[in-house]
Amino acid sequence: MATALQGFDAEFRDLEHYIGVITARIWEGRRIDDIHRYYSAGCAVETPGSVSIGVAPVIAGTLATLRAFPDRRLLAEDVIVSGDASQGLLSSHRIFSPMTHAGPGDFGAPTGRAVYARTIADCVCLNNRIVHEWLVRDQAAIARQVGSHEREVAQAWLNQRGGFHKAAMPAAPAPYRSLIDGGELAQRYAEAYRAMWRGEGFAAAAALFDEHAIVALPGAQTAVNGAGRERFWAGLFGALQPQQVDIEHLAASPRGDHVTRLAMRWRARTLHVSDGDQGGQGGQGRYGRASGRAVELLAIHHAEIEQGRVQREWVLLDDVATWMQVLEVQR
């Protein structure tokens, strides 16, 4: 029998159980006050478009989401765990959310439309609390399913908020240190992306991915072969030229059925420099005509590898936050 986590309530068998239970209590059970119990007072939460500190913004964001999507559910697809209870554990939690756009909020007046979107939340957990979090949601999927577009939503948010304002994310509290897994599979996966970021093409990824790998992409899109996957990345980095890319977290976790699950979080500092049509946008590139603006990307991936080849992958990027940076009026 699994023993309780060090420093956590005795009811929790392991971190996956902890994350599953508290998510169900807060969201499925609508026990919003439990956020005080399971988030530290100084918890920093970063999304691609914001950084917040403390419990109050987490509660406010939860309530705002429930006003717009009152039946929203958080269905766990996977929790990839790394670290330990003494140095700090990290749960990379992939969530699939069905919901109905039934109330006013960030996505405008209610449309009554059914919406499905994914989120991945990387949570540092110590002593029964989430103490640091990085969260990426597929906001473009929500925008499109309520009948809008990520560019339109981005412009509306810029107008409402007076521009794009994002504070620096503080470092995770000690003793936690981000993991960069040195294992062969994790490093092969990371190197395939490093080669792409260096402008060396897709050969390394082609050797790693199964020819029929299924890849979930931003905007609730899906690629089912190498051509579709390469078209996405060519469009993204054809429009946004990487200046610096850092892998902030990389973890491999074997599963009993001969599957290795991978979680990778990365941050890219880019320039919006190209209006080429690599993204299939009618001659204007994935993010419109080149603006020369600096754009930061924060992304989280999950992948499943069997027999040395990636069979399934989930790529989480927030295209609303990207468009906000592209459209931001220089002040």
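Because the structure is predicted, anything quoted here is derived from the model rather than measured. (Residues numbered from 1 in each chain as written. Predicted model: local features only at pLDDT ≥ 70, side-chain atom pairs only at ≥ 80, totals over all residues. Heavy atoms only, no water.)

1. Observations regarding the sheet that holds strand β1 (residues 39-47)
An order of β2-β1-β6-β5-β4-β3 is seen for the six strands of this open sheet, with the pairing classed as mixed. A strand with exactly one partner marks an edge of an open sheet, and here the two such strands are β2 (50-53) and β3 (75-84). Between one strand axis and the next, the sheet turns by 15° as a mean value, whatever way the strands run. Of the pairings in the sheet, the one linking β3 to strand β4 (residues 88-100) comprises nine bridges and is antiparallel in character. (Pairing = 2+ DSSP bridges. Helix = DSSP H or I, 4+ residues; strand = E, 2+ residues; numbered from the N terminus. Axes fitted to C-alpha atoms, helices over the stretch in contact; angles between N-to-C directions.)

2. Some words on the pattern of salt bridges
Within the structure shown, the criterion is met by 25 salt bridges. Glu28 is the partner of Arg73 in a salt bridge, and the nearest nitrogen-oxygen pair spans 3.2 Å. With Arg73 in the loop between α3 (55-68) and β3 and Glu28 in helix α1 (residues 15-28), this pair connects stretches of sequence that are 45 residues apart. In this structure Arg73 comes out as partly exposed when scored by relative accessible area, which is 42%. (Salt bridge = Lys/Arg side-chain N within 4 Å of Asp/Glu carboxyl O. Buried < 20%, exposed > 50% of the residue type's maximum accessible area, 1.4 Å probe, protein only.)

3. A short note on the nonpolar core
Ranked by size, the top nonpolar core spans 55 residues in total, and within it Tyr189, Phe209, Trp233, Leu236, Met264, Trp266 and Leu297 carry the most contacts. In terms of residue count, helix α6 (residues 184-197) provides more of this core than any other element does, seven residues in total. Those residues in contact with Leu297, other than ones at most four positions away along the chain, are Leu236, Phe237, Leu240, Trp266, Arg267, Ala268, Thr270, Leu317 and Thr322. Listed in part, the 30 residues of the second largest apolar core include Tyr18, Ile19, Cys43 and Ile95. (Core = buried A, V, L, I, M, F, W, Y, C linked by side-chain atoms within 4.5 Å. Contact = heavy atoms within 4.5 Å.)

4. A word on empty space enclosed by the protein
A complete count under the given rule lists two cavities of 30 Å³ or more for this structure. In this model, the largest cavity occupies a volume close to 50 Å³. Lining the largest cavity are Ala192, Tyr193, Met196, Phe202, Ala205, Phe209, Arg229, Glu230 and Trp233. Going through the elements one at a time, α6 and α8 (226-239) are the ones with two or more residues in the lining of the largest cavity. A per-class count over the lining of the largest cavity returns seven nonpolar, no polar and two charged. Lining the second largest cavity are Pro48, Glu296, Leu297, Leu298, Leu317, Asp318, Ala321, Thr322 and Gln325. Elements with a minimum of two residues in the lining of the second largest cavity: β11 (294-306) and α9 (319-327). Of the residues belonging to the lining of the second largest cavity, the class tally is five nonpolar, two polar and two charged. (1 Å grid on protein atoms, 1.4 Å probe; cavity = no way out; pocket = protein on both sides within 12 Å on 5 of 7 lines; lining within 4 Å. Points joined across faces, edges and corners; volume = space filled by probe spheres on them. Nonpolar A, V, L, I, M, F, W, Y, C, P; charged D, E, K, R; others polar.)

5. Some points on the sheet that holds β11
Strand order in this open sheet of six strands is β8-β7-β12-β11-β10-β9, and the pairing throughout is mixed. Of all the strands in the sheet, the pair left with one neighbour each is β8 (221-223) and β9 (240-255). Neighbouring strand axes in the sheet, compared pairwise and without regard to direction, differ in orientation by 15° on average. Inspection of the sheet shows β11 paired to strand β12 (residues 309-316) by seven bridges, in the antiparallel sense. Bridging from a neighbouring strand, His301 pairs with Val315 of β12. With respect to the sheet, α8 is in contact with β7 (209-217), β8, β9, β10 (259-272), β11 and β12, its orientation differing from that of β9 by roughly 140°.

6. Regarding the packing of aromatic side chains
Going through the model one piece at a time under the given rule, you end up with 16 aromatic pairs. Their ring planes at 70° and their centres at 4.8 Å tell us that Phe232 and Trp233 sit as a pair that is edge-to-face. Each member of the pair, Phe232 together with Trp233, is buried. What makes Trp233 buried here is its relative accessible area of 3%. Aromatic ring contacts, followed pair by pair, group Tyr189, Tyr193, Trp197, Phe232, Trp233, Phe237 and Trp266 into a single cluster. For Arg94, the ring lying beneath its charged end belongs to Trp314, and the centroid distance is 3.6 Å. (Phe/Tyr/Trp six-rings, centres within 6.5 Å; stacked < 30°, edge-to-face > 60°. Lys NZ or Arg CZ within 6 Å of the ring centre and 35° of its normal.)

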